[in-house]
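Structural features, examined
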Amino acid sequence: IMEHLIVGIHQAEPGSGITDAERERYRHAGVQILVLPEYFWVRAGDSDHVASANHASEDLALMASWTREDRWVLVGGTFVEHGGGEVYYNTCPVFHEGAEIGRYRKIHLMPGEARHGLHPGNGFLILEVLGKRLAPVICADMNQSGGPPDSADLDLFICNGLCASRPCILCYWVVEW
């Protein structure tokens, strides 16, 4: 028996948000997992990516609210997480039913990210959700390392950046396996 999992990919400019009409379309389509793009939470008024960490708690609260109301799993794009002192990370939070269920920090930074004060994460995240094992992966982490080392046992890769080395769901609305 083939199972279906409906995945919505929200392609949008950083800081643009999701309108009520867009949320309604995702609900109407029966989306179970909604994936936001890398740096989705950087706003036009932020002086740089690191400055966006100032509104991270507000952004995380909004993600929790959406998943509580809309019941989907949200792969929350990325936001800049303040790790203490001068340490900042490009972080992908994952929410389900109003609760944060995981947080993955990008490992392989682009040159501009490192120049602007971001630090690399130190490992992959594998989550059990909706009866499936999934791994959110950010951009270069898929291309540089091929993803999580035990990826053969995964049901789904979710990459919120350009992936060329492995199949992922960046450009697909429905995934079947």
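Here the structure is a predicted model, which means the values were calculated and not measured.

**Details of the overall build of the protein chain**
- Tallying secondary structure elements over the protein chain gives four helices and ten strands in all.
- Counted from the first residue to the last, the protein chain has its helices and strands arranged as β-α-β-α-β-β-β-β-α-β-β-α-β-β.
- Buried positions account for 51% of the 177 residues belonging to the protein chain.
- At a minimum sequence separation of 6, the contacts of the protein chain that also span at least 24 residues come to 54%.
- As displayed, the protein chain offers around 8600 Å² of accessible surface, 52% of which is attributable to carbon and sulfur atoms.

**A few points about the confidence of the model for the protein chain**
- Chain-level pLDDT for the protein chain is 82 on average; 79% of the residues reach the 70-or-more range.
- The least confident element of the protein chain, judged by mean pLDDT, is strand E10 (residues 174-176) at 32; the most confident is helix H2 (residues 56-70) at 96.
- Low pLDDT, under 50, characterises residues 162-177; the stretch is placed with 51 contacts to residues that sit more than four places away or in other chains.

**Brief notes about the pattern of salt bridges**
- Inspection of the entire model under this criterion finds 13 salt bridges.
- Arg27 is the partner of Glu24 in a salt bridge, and the nearest nitrogen-oxygen pair spans 2.9 Å. Of this pair, Glu24 and Arg27 both sit in helix H1 (residues 20-28), three residues apart, which is roughly one turn of that helix.
- Here Glu24 falls in the partly exposed class, since its relative accessible area comes to 41%.
- With a relative accessible area of 34%, Arg27 lands in the partly exposed category.
- Put simply, Arg103 and Glu81 hold a salt bridge, and the shortest N to O gap is 3.0 Å. With Arg103 in strand E6 (residues 99-105) and Glu81 in strand E4 (residues 79-84), this residue pair connects regions lying 22 residues apart in the sequence.
- Overall, the relative accessible area of 8% leaves Glu81 in the buried class.
- Each of the salt bridges in this network shares a partner with another, and the network as a whole consists of Arg23, Glu24, Arg27, Glu69 and Asp70.

**Structural notes on the packing of aromatic side chains**
- In the structure shown here, the tally under the stated rule is four aromatic pairs.
- Here Phe40 and Trp41 contribute two aromatic rings whose centre-to-centre distance is 5.1 Å and whose plane-to-plane angle is 90 degrees, an arrangement assigned as edge-to-face. Of the two residues, Phe40 and Trp41, neither departs from the other in class, the shared state being buried.
- The interplanar angle of 35 degrees and the centroid separation of 5.8 Å between the aromatic rings of Trp41 and Trp66 together place this pair among those described as tilted.

**Quick notes on the nonpolar core**
- Membership of the largest hydrophobic core comes to 21 residues, with the highest contact counts inside it found for Val7, Ile33, Val35 and Tyr104.
- Of all elements in the fold, only strand E1 (4-9), strand E2 (33-35), strand E3 (73-75), strand E5 (87-96), strand E7 (127-129), strand E8 (132-137) and helix H4 (140-145) reach the threshold of two or more residues within this core.
- Within the second largest apolar cluster, 16 residues are counted, among which are Val31, Phe40, Trp41 and Ala64.

Procedures and definitions
Residues numbered from 1 in each chain as written. Predicted model: local features only at pLDDT ≥ 70, side-chain atom pairs only at ≥ 80, totals over all residues. Heavy atoms only, no water. Helix = DSSP H or I, 4+ residues; strand = E, 2+ residues; numbered from the N terminus. Buried < 20%, exposed > 50% of the residue type's maximum accessible area, 1.4 Å probe, protein only. Contact = heavy atoms within 4.5 Å. Areas by Shrake-Rupley, 256 points an atom, 1.4 Å probe, with all protein chains shown as cover. pLDDT = per-residue confidence, 0-100. Salt bridge = Lys/Arg side-chain N within 4 Å of Asp/Glu carboxyl O. Phe/Tyr/Trp six-rings, centres within 6.5 Å; stacked < 30°, edge-to-face > 60°. Core = buried A, V, L, I, M, F, W, Y, C linked by side-chain atoms within 4.5 Å.

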